[in-house]
Amino acid sequence: MSKLIVDIYRSARKEGMYLYVRKGYDLEQLPAALLSQFGRAEHAMAMLLTAQKKLARADVQAVMAAIEAQNFYLQMPPAASAEDDYMQQIPNSKL
């Protein structure tokens, strides 16, 4: 597959979680467990994917292959880095 037009949805439940499907694909056809985990889908954009396209947090070839094989690609939120979690690392103490 050299070109693919996709709809990209963001999860209303989890910040940074996105779902890629073929343009016009009925989300109700996706597995119930996926829909439950994803929550309400908010359409973010439509995009033309090609092998040369660069995506910010996903490999375009992996996205296209997953859509071909299972009709969707689920992009999970980035793992929190130690720098992002610095406030959680501060001990809870009484001052």
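Please read these numbers as outputs of a predicted model, since none were measured by experiment. (Residues numbered from 1 in each chain as written. Predicted model: local features only at pLDDT ≥ 70, side-chain atom pairs only at ≥ 80, totals over all residues. Heavy atoms only, no water.)

Direction of pairing for strand β1 (residues 3-11) relative to strand β2 (residues 18-22): antiparallel, over a ladder of five bridges. By the bridge assignment, Asp7 is partnered in β2 with Val21. Linking β1 to β2, which pair antiparallel, is a turn of six residues; within it Gly16 sits at a positive phi near 85 degrees. Two strands pair when backbone bridges link them, and β2 and strand β4 (residues 73-75) are joined in this way by three bridges, in the antiparallel orientation. (Pairing = 2+ DSSP bridges. Helix = DSSP H or I, 4+ residues; strand = E, 2+ residues; numbered from the N terminus.)

All right, on to the environment of Leu35 then. Note on placement: Leu35 falls in helix α1 (residues 32-38). For Leu35, a relative accessible area of 26% translates into the label partly exposed. Sequence separation between Leu35 and Ser11 is 24 residues; the distance between their C-alpha atoms is 9.8 Å. If sequence neighbours within four positions are ignored, Leu35 has contacts with Leu27, Glu28 and Leu30. (Buried < 20%, exposed > 50% of the residue type's maximum accessible area, 1.4 Å probe, protein only. Contact = heavy atoms within 4.5 Å.)

Another aspect to go through is the layout of surface pockets. To find leftover empty space, a probe the size of one water molecule is rolled over the atoms. The calculated volume of the largest pocket comes to roughly 160 Å³. Lining the largest pocket are Ile8, Arg10, Tyr18, Tyr20, Ala44, Met45, Met47, Leu55, Ala56, Arg57, Ala58 and Gln75. Every element with two or more residues in the lining of the largest pocket is listed here: β1, β2 and β3 (41-50). Take the lining of the largest pocket: its biggest share by element is three residues, from β3. (1 Å grid on protein atoms, 1.4 Å probe; cavity = no way out; pocket = protein on both sides within 12 Å on 5 of 7 lines; lining within 4 Å. Points joined across faces, edges and corners; volume = space filled by probe spheres on them.)

The next thing to look at is helix α2 (residues 60-70). For α2, the full list of buried residues reads Val60, Val63, Met64, Ala66 and Ile67. The buried residues of α2 occupy one face: seen down the axis, they fall within an arc of 160 degrees. Residues of α2 that are buried in the fold lie against β1, β2, β3 and β4. Immediately downstream of α2, the backbone of Asn71 shows phi near 75 degrees, a positive value. (Arc of directions from axis to C-beta.)

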